Amino acid sequence: MKTNAHFFSELDSPVGPLLLVGDGAALIGLYMSDHKHQAPLPDGCRRDDGTFREARAQLRDYFAGTRTTFDLPLRGTGTPFQERVWRGLCAIPFGQTETYGALARRLGDANASRAVGMANGRNPISIIVPCHRVVGANGALTGYGGGLERKQWLLEHERRHRGD
């Protein structure tokens, strides 16, 4: 159920403060400080940490290394192509990476790696929708809305805690 009310919360994390935005039914944004492409808070948005109790708990568990998947209602809003890419990101396993080209091929269009990269960069729900797991064709870290240092930290964190 989509509501007209919007809420936000802030959470300290090892990658800096996180801003969580929701509509009371689903998480619609998760941004890091100085995040590229961060949407402005919706009109009338107010702080309500209780609305995000489960999201905050799951994020704390993730950063503690005890959670490898998230189970939260999400509603990232974008074009149909962007939303398809974001769903594809959720299929990249914890602690692993995939290239933009491989993700494009998996989504059915081997020539769409640049478009996949653009959609990846517009992901409004970072960490939970793991856009940090996408790398360049040679495995190099490439653009990340939260900054390459954070992308590197997240990937190293997941490698440390993936349990192999």
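Here the structure is shown first, and the text comes after it.
Okay, the pattern of salt bridges next. Inspection of the entire model under this criterion finds 5 salt bridges. The salt bridge partner of Arg47 is Glu10, with a shortest N-O separation of 3.1 Å. Taken together, the positions of Arg47 in strand 4 (residues 46-47) and Glu10 in strand 1 (residues 7-11) put the pair 37 residues apart, joining distant regions of the chain. A residue is classified by how much of its surface remains accessible, and Arg47, at 42% relative accessible area, is partly exposed. In this structure, the salt-bridge partner of Arg47 is Asp49, at a minimum N-O distance of 3.0 Å. Its relative accessible area of 31% is what places Asp49 among the partly exposed residues.

So, on to the packing of helix 1 (residues 53-64) against helix 5 (residues 148-161). At a minimum axis separation of 9 Å, helix 1 and helix 5 run at an interaxial angle of 75 degrees. In terms of orientation, helix 1 and helix 5 fall into the roughly perpendicular class. On helix 5, the residues touching Tyr62, Phe63 and Ala64 of helix 1 are Trp153, Leu154, His157, Glu158 and His161. For the contact of helix 1 with helix 5, the class distribution of residues is 5 nonpolar, 2 polar and 1 charged.

Bringing the pairing of strand 2 (residues 18-22) into the picture now. Burial within strand 2 is extensive, with 5 of its 5 residues counted as buried. Burial along strand 2 is two-sided: Leu18, Leu20 and Gly22 facing one way and Leu19 and Val21 facing the other are all buried. Pairing analysis gives 5 bridges linking strand 1 to strand 2, with the strands arranged antiparallel. Bridging across to strand 2, Phe7 finds its partner in Gly22.

A few words now on the nonpolar core. In this structure, Leu18, Leu59, Leu89 and Ile127 are the most contacted members of the largest nonpolar core, which totals 34 residues. Those elements giving two or more residues to this core turn out to be strand 1, strand 2, strand 3 (27-32), helix 1, helix 2 (80-89), helix 3 (100-106) and helix 4 (113-121). The greatest single-element share of this core, amounting to 4 residues, is contributed by helix 1. Contacts of Leu59, omitting those with residues within four sequence positions, involve Leu11, Leu18, Leu20, Leu30, Phe70, Ile127 and Ile128. By size, the runner-up hydrophobic cluster in this structure holds 5 residues, among which are Phe8, Leu19, Val21 and Cys45.

Take the sheet that holds strand 2 next. Taking strand neighbours across the sheet as the criterion, the 4 strands line up as 3-2-1-4 in an open arrangement whose pairing is mixed. Every other strand in the sheet has two partners, leaving strand 3 and strand 4 as the edge strands with one partner each. In terms of strand pairing, strand 2 meets strand 3 through 5 bridges, oriented antiparallel. Within strand 3, the position partnered with Gly22 by the bridge is Leu27.

The complete set of buried residues in helix 4 reads Val116, Ala119 and Asn120. With its buried residues spanning 105 degrees around the axis, helix 4 presents them on a single face. Residues of helix 4 that are exposed and point over 90 degrees away from its buried face: Arg114 and Met118. Structurally, helix 4 contributes buried residues whose contacts are with helix 2, helix 3 and strand 6 (134-135).

Criteria and cut-off values
Residues numbered from 1 in each chain as written. Predicted model: local features only at pLDDT ≥ 70, side-chain atom pairs only at ≥ 80, totals over all residues. Heavy atoms only, no water. Salt bridge = Lys/Arg side-chain N within 4 Å of Asp/Glu carboxyl O. Helix = DSSP H or I, 4+ residues; strand = E, 2+ residues; numbered from the N terminus. Buried < 20%, exposed > 50% of the residue type's maximum accessible area, 1.4 Å probe, protein only. Axes fitted to C-alpha atoms, helices over the stretch in contact; angles between N-to-C directions. Parallel < 35°, antiparallel > 145°, perpendicular 65-115°, else oblique. Contact = heavy atoms within 4.5 Å. Nonpolar A, V, L, I, M, F, W, Y, C, P; charged D, E, K, R; others polar. Pairing = 2+ DSSP bridges. Core = buried A, V, L, I, M, F, W, Y, C linked by side-chain atoms within 4.5 Å. Arc of directions from axis to C-beta.

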